[in-house]
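Now for the letters of each chain:
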Amino acid sequence: MSDNHVQIFDTTLRDGEQVPGCKLNTEQKLVIAEQLDNLGVDIIEAGFPVSSPGDFKSVEEISKIVKHATVCGLTRSVENDIKVAGEALKYAKTPRIHTGIGTSESHIKFKFRSTQEDIIERAVKAVSYAKSFVEDVEFYAEDAGRTDNEYLARVCEAVIKAGATVLNIPDTTGYCLPHEYGAKIKYLKENVKGIEKAVLSCHCHNDLGLATANSIEGVINGARQIECTINGIGERAGNTALEEVVMILRQHPYLNLDTKINSEMLYGISQLVSDSMGIYTQPNKAIVGANAFAHSSGIHQDGVIKNRETYEIIDPKDVGVDASAIVLTARSGRAALAYRAKNIGYELTKLQLDEIYTNFLDFADQKKEVDDNDIHQIIENSKVYKEIVSS
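Residues numbered from 1 in each chain as written. Predicted model: local features only at pLDDT ≥ 70, side-chain atom pairs only at ≥ 80, totals over all residues. Heavy atoms only, no water.

(A) Spotlight on the sheet that holds strand 3 (residues 70-74). Strand order around the closed barrel formed by eight strands is 1-2-3-4-5-6-7-8, with parallel pairing between neighbours. This sheet shows a mean twist of 25° between the axes of neighbouring strands, independent of strand direction. Sheet topology places strand 2 (residues 43-47) next to strand 3; four bridges connect them, and they run parallel. By the bridge assignment for strand 3, Ile43 is matched with Thr70. (Pairing = 2+ DSSP bridges. Helix = DSSP H or I, 4+ residues; strand = E, 2+ residues; numbered from the N terminus. Axes fitted to C-alpha atoms, helices over the stretch in contact; angles between N-to-C directions.)

(B) A look at helix 6 (residues 149-162). With 14 residues, helix 6 should reach 20 Å at 1.5 Å per residue; the first-to-last C-alpha distance of 20 Å fits that figure. Within helix 6 the residues assigned to the buried category are Tyr151, Leu152, Ala153, Val155, Cys156, Ala158, Val159, Ile160 and Ala162. Buried residues in helix 6 make contact with helix 4 (105-111), helix 5 (116-130), strand 5 (136-142), strand 6 (166-171) and helix 7 (178-191). At the N-terminal end of helix 6, a side-chain oxygen is found 3.2 Å from the backbone nitrogen of Glu150, two or three residues along, and the residue is Asp148. A positive phi of about 120° marks Gly163, the residue just after helix 6. (Expected span 1.5 Å × (residues − 1). Buried < 20%, exposed > 50% of the residue type's maximum accessible area, 1.4 Å probe, protein only. Contact = heavy atoms within 4.5 Å. Polar contact = N/O pair within 3.5 Å; in protein donor to acceptor, adjacent residues only side chain to side chain.)

(C) Spotlight on the domain arrangement of the chain. One can read the domain layout of the chain as domain 1 (7-277) and domain 2 (294-390). The centre of domain 1, based on its C-alpha atoms, is set 46 Å off from the matching centre of domain 2. Contacts between the two partners involve six residues from domain 1 and, on the opposite side, seven residues from domain 2. Both sides of the domain 1 and domain 2 interface together cover about 540 Å² of buried area, and 58% of this is carbon and sulfur. Counting the contacts that link domain 1 with domain 2 gives zero salt bridges. Of all the elements in the fold, those that place two or more residues in the side of domain 1 that touches domain 2 are helix 9 (242-251) and helix 10 (266-277). In terms of residue class, the side of domain 1 that touches domain 2 is made up of three nonpolar, two polar and one charged. (Domains from an automatic or database assignment. Buried area = accessible area lost by both parts, 1.4 Å probe. Salt bridge = Lys/Arg side-chain N within 4 Å of Asp/Glu carboxyl O. Nonpolar A, V, L, I, M, F, W, Y, C, P; charged D, E, K, R; others polar.)

(D) Seen up close, the UniProt feature "domain: Pyruvate carboxyltransferase" (unreviewed entry) in the chain. This chain's UniProt record puts "domain: Pyruvate carboxyltransferase" (unreviewed entry) on residues 6-267. Structurally, residues 6-267 comprises 42% helix and 17% strand, and the distance from its first C-alpha atom to its last is 21 Å. (UniProt positions renumbered as here; feature names shortened; annotations may be inferred.)

(E) Structural context of helix 13 (residues 350-366). Relative to the 24 Å expected for 17 residues at 1.5 Å per residue, helix 13 spans 25 Å between its end C-alpha atoms, a close match to the ideal helical length. Here helix 13 has its buried residues at Gln352, Leu353, Ile356, Tyr357, Phe360 and Ala364. Summarising the contacts, the buried residues of helix 13 are in contact with helix 12 (334-343), helix 14 (372-380) and helix 15 (385-390).

(F) The nonpolar core, seen in detail. In this structure, Leu39, Leu167 and Ile169 are the most contacted members of the largest nonpolar core, which totals 85 residues. For this core, the leading source of residues is helix 6, giving nine residues. The residues that make up this core include at least three from each of domain 1 (7-277) and domain 2 (294-390). Discounting residues that sit within four places of it in the chain, Leu167 has contacts with Phe139, Cys156, Val159, Ile160, Ile195, Ala198, Val199, Leu200 and Ser201. By size, the runner-up hydrophobic cluster in this structure holds 20 residues, among which are Ala330, Ala341, Tyr346 and Tyr357. (Core = buried A, V, L, I, M, F, W, Y, C linked by side-chain atoms within 4.5 Å.)

See the structure below:
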């Protein structure tokens, strides 16, 4: 694998499904998993097999149909979790067990009522046992974002010796600032003995709206896997959004980092996940929101009509959207009205446009958005209608 390739680990079907009320059945998961495989994700985290018979079945069935991606099952550092995950993944072409334990002082003291040394021992035991089922074992250091770097490095070194192939460094609570998270990845890259044997992975939550920024800072500083979800769905404020990190790396080629994602599928799979989970995607959501390529400000519309790149840094077609939208409102200018009128068959002169624009503003003040039928009505009711149709 080239050093500039960033692996995309999609956890829509595991972490993403933890959104209250967004439970998917096995059939829905299979449809999404197949599309994720076609999208080009490197790893699909299919579920948490020990959590329920339904999740076990989903992981097992997904393992059977995925042709290209690694299929991953989550566990705690509990022997039975790992055993059940191994069984669920037995049909996968390339299986991975994702096991781990909390490493922050808060988790050690209050969640586990344990000690740092005991946590390292449990981590090593979990990784070693997972290696008896699969070759590819990912270790997560839960709440790594609030874990002391020196201790985190000791944990990472120990699990690499035990056979971990991927080290997941989660900002579980979404607490880190980008420069802090990037510095943590850099510290591990420079201070963990044997780090060249493992891939560092970013798993960032969005509690402070920094999940995407933290993940990007992570790969800039040496991580080569990003754990994310379609539409950024997930518990609480959600996870890193797959579509955001993919397009950020693609739009900044000087970073010399990219993924193998087929970006033209992004809008379609966003809609699939939203519809399947019954979860509304906010209109101003980056990349895949309904308004991501819609323009209603007159100044912006004039610029986009003359040259799309004046206000769009991404070609809509690159993410599966047919075209930019020029939305007519009371904030729209003459250029936008002329553009939309031309699309439905009216070639207006400057004087005709001036006459119609006054009527348009009166109409637009009464209605939030002016559609094509409204444009016909405005023109038909204007003083220059006969002149327009006769020309």
